[in-house]
Structure formats: structure tokens, C-alpha cells
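Given next are the chains, with one letter for each unit.
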Amino acid sequence: MVHELMVLLQGVVLGIAIAAPVGPIGLLCIRRTIEHGPMMGFTTGMGAAVADTIYGAVAAFGVSAAVGYLRDHQIVFQLVGGIFLMVVAIRTFRQSPAAEQREADAAPDSRTWVGGFMTGLSLTLTNPATIMAFIAIFAGFGLGGDLGRFDAATLVFGVFIGSSLWWLTLSSIVASIRHRFSDRRLVMLNHYTGVALAGFGIWALGSAVTGMASLAMS
């Protein structure tokens, strides 16, 4: 029992470690929490948590074929992810609080939450750095393919708990201070977030182009 609790705790720590660095999902979670409330931010993060869990399962169960596929198609993932990020960045930059409020009022909450979830899921799944980070961390801790099935499942469940806890904490903290943001500050937040997301997108596309150039020269 103590062993399984330790494995679960390791998974929780890994889930937090993967989710915590501020990236495109973190920025979207913060912005959507401020503009639409904690549930919208949380569901966006939960999409990333599910993607983290999927990639964590690939690493924990040592599915070499899946890992090999991701590595072989890394450039494709970078292209798709980069384009998706640029689209989200442009949309974010152009949004105004008034238009966002009208859009939110016109749509059922459940549909809005599903949209946030799918954005978080898609952005994380198309980021090959996520699976590479899991593989590196698992290797560093001596985890991975040598785990038994029950231990691997426990570890993956811990990853989901850790990642979910991070997004719940982040959205709750941001929600507690959202009343301090005026429409002018929200517009500025949209602009800063849009520029930052575009930066992530450009980096992904640049990595893809560099990868294609290396392949062409080899």
C-alpha cells in the first residue's frame, strides 16, 4: 500500500511539473478565467490535463511504437500546432471584452466549456514537446517501460490528478482577482496574450522549418 501511494505521489508531482510552466495553455487559462469565469479557465486547463494523461500513459507503459511515431512525425506536429497557435493568437488579439461577453451570453455554458476543453486538448496534443518532456522526466526518475501494469496505471492516474489540481488552483487564484480588471486592461491582456501565443506559434513553425531543412540536407 505504501509503495502504491508513493507511485501515486510521483505521478501527482510529475503532473504538476508538466502543467505548471507558463505556456500557451496557461495564458489561455488565465485570460478565459478573467473574461468568462473560473469554469471556463478550468475546462481549458482540463483539456491539457487529459492530453498530459494520454502522453503520460504512452511514456509510463513504454509504448515504443507510439513514441517512435511521435518522433518520426515531430515536424508534422510542429506545423499543425504552430498554425493552430497562430490562428488562436490572431483571434485572441482581435477580441474585445464587449464582443466576448455577447458571445458568451448567446451560447450555452456547456457548449462554451466544451470549446475551451477542446482548445486545451488540441493545443497540448499537437505539441511534441509534451511527450518528449514526459520521456525525459520518466527516464531521469528511472520510470517507464519497466513499470508493472498496475504501477503504470497508478502513475498515470497521479499525473491526471496533479495536472488537474494545477489548473484548478490557477483558475481559482485568477478568479479571485478578476474583478480588478477593467475593460481597458482586458483589451491589453488580449493583446499581450495574442502576441505571446504568436511567439509560441512562430517558434513551433520555425522548429518545423529547421527540421525540414535538416532533412533536405541529409
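My aim in this report is to walk through the structure given alongside it, one point at a time. Treat the numbers as computed from the prediction; the structure is a model and nothing was measured.

## Focus on the packing of helix H1 (residues 2-19) against helix H9 (residues 149-177)
Interaxial distance between H1 and H9 falls to 6 Å at its minimum, and their mutual angle equals 40°. Taken together, H1 and H9 sit at an angle that is classed as oblique. When the axes of H1 and H9 are compared, the crossing they make is right-handed. In contact with His3, Glu4, Val7, Leu8, Gln10, Gly11, Val12, Leu14, Gly15, Ile16 and Ala19 of H1, H9 contributes Phe150, Asp151, Thr154, Leu155, Phe157, Gly158, Val159, Ile161, Gly162, Ser163, Trp166 and Trp167. Residues belonging to the contact of H1 with H9 are distributed by class as follows: 13 nonpolar, eight polar and two charged.

## Notes on a nonpolar patch on the surface
Residues Val2, Met6, Leu9 and Val13 make up a contiguous nonpolar surface patch of about 390 Å² in total accessible area. On the secondary structure map, valine 13 appears in helix H1. Overall, valine 13 belongs to the partly exposed group, its relative accessible area being 47%.

Definitions and limits used
Residues numbered from 1 in each chain as written. Predicted model: local features only at pLDDT ≥ 70, side-chain atom pairs only at ≥ 80, totals over all residues. Heavy atoms only, no water. Axes fitted to C-alpha atoms, helices over the stretch in contact; angles between N-to-C directions. Helix = DSSP H or I, 4+ residues; strand = E, 2+ residues; numbered from the N terminus. Parallel < 35°, antiparallel > 145°, perpendicular 65-115°, else oblique. Left-handed = near helix turned anticlockwise from the far one by under 90°. Contact = heavy atoms within 4.5 Å. Nonpolar A, V, L, I, M, F, W, Y, C, P; charged D, E, K, R; others polar. Patch = residues over 30% accessible without salt bridge, like charges linked within 9 Å, V, L, I, M, F, W, Y side chains within 5 Å. Areas by Shrake-Rupley, 256 points an atom, 1.4 Å probe, with all protein chains shown as cover. Salt bridge = Lys/Arg side-chain N within 4 Å of Asp/Glu carboxyl O. Buried < 20%, exposed > 50% of the residue type's maximum accessible area, 1.4 Å probe, protein only.

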